[in-house]
Amino acid sequence: MNCFARITGTGSYLPAKAVTNHDLENTVDTSDQWIRERTGIAVRHIASDDETTCDLAEQAARRAMEAAGKTAADIDLIIVATTTPDKIFPSTACLLQARLDVHGCAAFDIQAVCTGFVYALGVADKFIRGGGAKCALVVGAETLSRIVDWTYRTTCVLFGDGAGAAILEASDEPGILSSHLHADGEYEKLLHVPGGVSRKPGPLEGDPGFIQMKGNEVFRMAVNTLGRIVDETLEANGLEKSDIDWLVPHQANIRIISATAKKLAMPMERVVVTVDQHGNTSAASVPLALDTAVRDGRIQRGETLLLEAFGGGFTWGSVLLKF
Ligand code: COA
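Being a predicted model, the structure only gives us computed values, none of them experimental.

Rules of the game
Here the residue index of a chain counts from 1 through its sequence in written order. The predicted nature of this model means local features are confined to residues of pLDDT at least 70 and side-chain atom pairs, given and counted, to a pLDDT of 80 or more, with totals for whole chains, interfaces and linings taken over all residues. Water and hydrogen atoms play no part in the side-chain values, which are based on all heavy atoms of the structure. Numbered from the N terminus, helices here are DSSP runs of H or I no shorter than four residues, and strands are runs of E no shorter than two. All radius of gyration figures rest on C-alpha atoms, and the globule criterion is 2.2 Å times the number of residues raised to 0.38. The classification of residues rests on relative accessible area computed with a 1.4 Å probe and restricted to protein chains. Under 20% of the type maximum is buried, over 50% is exposed, and intermediate values are partly exposed. Should any heavy atoms of two residues lie within 4.5 Å, those residues are considered in contact. Surface accessibility in these figures is a Shrake-Rupley result with a 1.4 Å probe; residues are shielded only by whichever protein chains are displayed. Nearness of a residue to a molecule or strand requires only that one of the residue's heavy atoms be within 4 Å of it. The term polar contact refers here to a pair of N or O atoms within 3.5 Å; inside protein, the definition further demands a hydrogen-donor-capable atom paired with an acceptor-capable atom, and it admits residues adjacent in sequence only when both atoms are side-chain atoms. In this classification, Asp, Glu, Lys and Arg are treated as charged, Ala, Val, Leu, Ile, Met, Phe, Trp, Tyr, Cys and Pro as nonpolar, and every other residue, Gly included, as polar. Annotation comment: domain bounds sourced from an automatic or database domain assignment. Note on method: axes are straight lines fitted to C-alpha atoms, helices fitted across the in-contact stretch only, with angles between N-to-C directions ranging 0 to 180 degrees. Convention used here: angles under 35 degrees read as roughly parallel, angles over 145 as roughly antiparallel, angles from 65 to 115 as roughly perpendicular, and any remaining angle as oblique. Here a crossing is called left-handed whenever its near helix is offset anticlockwise from the far helix by less than a right angle, and right-handed whenever the offset is clockwise. In this description, strands pair whenever DSSP reports at least two bridges between them. Accessible area, probed at 1.4 Å, shrinks when two parts are joined; the buried area is that loss added up over both. We define a salt bridge as a contact between a side-chain nitrogen of Lys or Arg and a carboxyl oxygen of Asp or Glu at a distance within 4 Å.

### Focus: the overall build of the protein
Consideration 1: Counting secondary structure elements, the protein contains 10 helices and 13 strands.
Consideration 2: For a compact globule of 323 residues, the expected C-alpha radius of gyration is about 20 Å, and the protein comes in at 18 Å, within 12% of that figure.
Consideration 3: If you line up the protein on its principal axes, its C-alpha atoms span 60 × 45 × 35 Å.
Consideration 4: Counting the 323 residues in the protein, one finds 54% classified as buried.
Consideration 5: Expressed as a percentage of contacts within the protein between residues at least 6 apart in sequence, the contacts between residues at least 24 apart total 75%.
Consideration 6: Counting only carbon and sulfur atoms, one obtains 51% of the accessible surface of the protein, whose full area is about 13,500 Å².

### Concerning the site of the ligand
Consideration 1: By nearness alone, 23 residues border the ligand, and Thr-30, Arg-38, Arg-153, Asn-216 and Asn-253 come closest of all.
Consideration 2: Between the ligand and Thr-30 there is a distance of 2.6 Å, counted from a nitrogen atom to a side-chain nitrogen or oxygen.
Consideration 3: In this structure, Asn-253 approaches the ligand through a side-chain N or O atom, which is 2.7 Å from an oxygen atom.
Consideration 4: Compared with its free state, where it exposes 960 Å², the ligand has 74% of that area covered by protein.
Consideration 5: Of all the secondary structure elements, the ones that give two or more residues to the shell around the ligand are α2 (32–39), α6 (153–156), α7 (215–237), α8 (254–263) and β12 (304–311).
Consideration 6: The dominant element in the shell around the ligand, judged by the number of residues it contributes, is α7, at 4 residues.
Consideration 7: A class-by-class count of the residues in the shell around the ligand yields 10 nonpolar, 9 polar and 4 charged.
Consideration 8: Residues from two domains meet in the shell around the ligand; each of domain 1 (4–173) and domain 2 (177–322) gives at least three.

### Describing the packing of α7 against α8
Consideration 1: α8 packs onto α7 with a crossing angle of 30 degrees between their chain directions and a minimal axis gap of 9 Å. One element, α7, and the other, α8, form an angle in the roughly parallel class. The two elements α7 and α8 cross, and the hand of that crossing is right-handed. Facing α7, whose interface residues are Phe-219, Ala-222, Val-223, Leu-226, Gly-227, Val-230 and Asp-231, α8 presents Arg-255, Ile-256, Ala-259, Thr-260 and Lys-263.
Consideration 2: Looking at side-chain class alone, the contact of α7 with α8 contains 7 nonpolar, 2 polar and 3 charged residues.

### Description of the sheet that holds strand β4 (residues 77–81)
By way of backbone hydrogen bonds, the strands of a sheet pair with one another, either parallel or antiparallel.
Consideration 1: Strand order in the open sheet made by the 5 strands is β1-β7-β6-β4-β5, with mixed pairing throughout. This sheet does not close on itself; its edge strands, each paired only once, are β1 (4–13) and β5 (106–110). Across the sheet, the mean angle from the axis of one strand to that of its neighbour is 20 degrees, orientation sign disregarded.
Consideration 2: By the bridge criterion, 9 bridges tie strand β6 (residues 135–143) to strand β7 (residues 161–171) in an arrangement that is antiparallel. Directly across from Gly-140, in β7, lies its bridge partner Gly-164.
Consideration 3: Across the sheet, helix α3 (residues 53–68) touches β1, β6 and β7, and the angle it forms with β1 is around 125 degrees.
Consideration 4: Packing against the sheet, helix α10 (residues 285–295) makes contact with β1, β6 and β7, and its axis sits at approximately 90 degrees to β1.

### Re the domain arrangement of the protein
Consideration 1: You can read the domains of the protein as domain 1 (4–173) and domain 2 (177–322).
Consideration 2: In this structure, domain 1 and domain 2 have C-alpha centres spaced 14 Å apart.
Consideration 3: For the pairing of domain 1 and domain 2, the buried interface totals around 3,800 Å² over both sides, and the portion due to carbon and sulfur atoms is 64%.
Consideration 4: Broken down residue by residue, the surface that domain 1 buries against domain 2 is led by Cys-114, Val-118 and Ile-147, which jointly contribute 17%.
Consideration 5: For the pair domain 1 and domain 2, the interface holds 0 salt bridges.
Consideration 6: At the surface where domain 1 touches domain 2, the tally comes to 23 residue pairs in polar contact (both at pLDDT 80 or more).
Consideration 7: Looking at the side of domain 1 that touches domain 2, the elements that each hand over two or more residues are β1, α2, β3 (43–46), α3, α5 (116–129), β6, α6 and β7.
Consideration 8: Ranked by residues supplied to the side of domain 1 that touches domain 2, first place goes to α5 with 9 residues.
Consideration 9: Partitioned by chemical class, the residues of the side of domain 1 that touches domain 2 number 25 nonpolar, 18 polar and 12 charged.

### Here we look at the sheet that holds strand β11 (residues 246–249)
Consideration 1: Ordered by their spatial adjacency, 4 strands build an open sheet running β8-β13-β12-β11, and the pairing between neighbours is mixed. The open sheet terminates on both sides in strands that have one partner only, identified here as β8 (176–183) and β11. Neighbour-to-neighbour, the strand axes of the sheet open up by a mean angle of 10 degrees, direction not taken into account.
Consideration 2: Relative to β12, β11 runs parallel, the two being bridged by 4 bridges. Within the sheet, the bridge partner assigned to Pro-249 lies in β12 and is Glu-308.
Consideration 3: The sheet contacts of α5 involve β8, β12 and β13 (315–322), and relative to β8 the element is tilted by about 130 degrees.

Put into structure tokens, the structure is as follows:
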């Protein structure tokens, strides 16, 4: 009897162009020291002008499929978490489906900003547990650089582009143990891109098309909310803090990550940190971190992982799984 959804392969991709803190010192009034101390970021990767979110998603997806030993014929669900789709429609998931030569299965995008991959995993888990899919491709992919004002130092140092993916398969061995998804739209104005499709001025014209953020308030909310989601997840599974082998957090800011690790009483050696290497890649950050620690051999089969994220909306969530 298949009753679990289990990750059987991961993949990730960063665009070739790397922009260091020193590079940004040449364009805005900032310093490598300020960025490292306040955020933990050293470098971010930026998609080239002709590279899209779907291009990044495709690379990550192919790597995850290869790691899981799956071909196009095996995939029966595609979910792409993104805030920066190639087009208004079709969805990036449909564009990716065509690239991969997958036909007929359900394919759709999820928009939960930085919590997107956690949402997508939670939804894919429910599909698989409910018998609606056997082999899901779940991707988080972003070209966030397109909605960053590169003349505004407060935000431009924080974000980057990238993609991460996982293959989730039906299994009788434990995989995802629980997912916890939340949102509160009341906080819209603390972190948002005002421009949109329906709202005037039109799609992403000028300033309304850039990320606007009240950094201090977002920081405080993120730390408090992630502390609560950790408690909720442990309680729902009857687990102690010490039962978690790895924390795989959203990679926004090292200080937010450290605060969550402290709440879990986890030494930083058990926390996957990649924010230094790519900054905040929104929906791509959790699968980028996961893939990094799987490929370098830190995360081993049978270990218990806590994935968590917080982002615009606000949205927040966690996934507890046996790897
Ligand atoms: N380089 C140098 N100085 C900068 C700067 C930069 N890139 N950005 C801001 N500053 C300055 C500010 O202007 C301010 O100067 P002032 O004291 O003269 O007014 C000073 O640094 C402190 O700014 P503040 O905003 O209080 O810094 P902070 O410690 O809160 O750090 C963030 C700012 C953005 C790094 C932090 O608030 C943060 O990470 N917030 C969460 C953001 C986030 O994760 N968003 C996505 C969630 S998914």
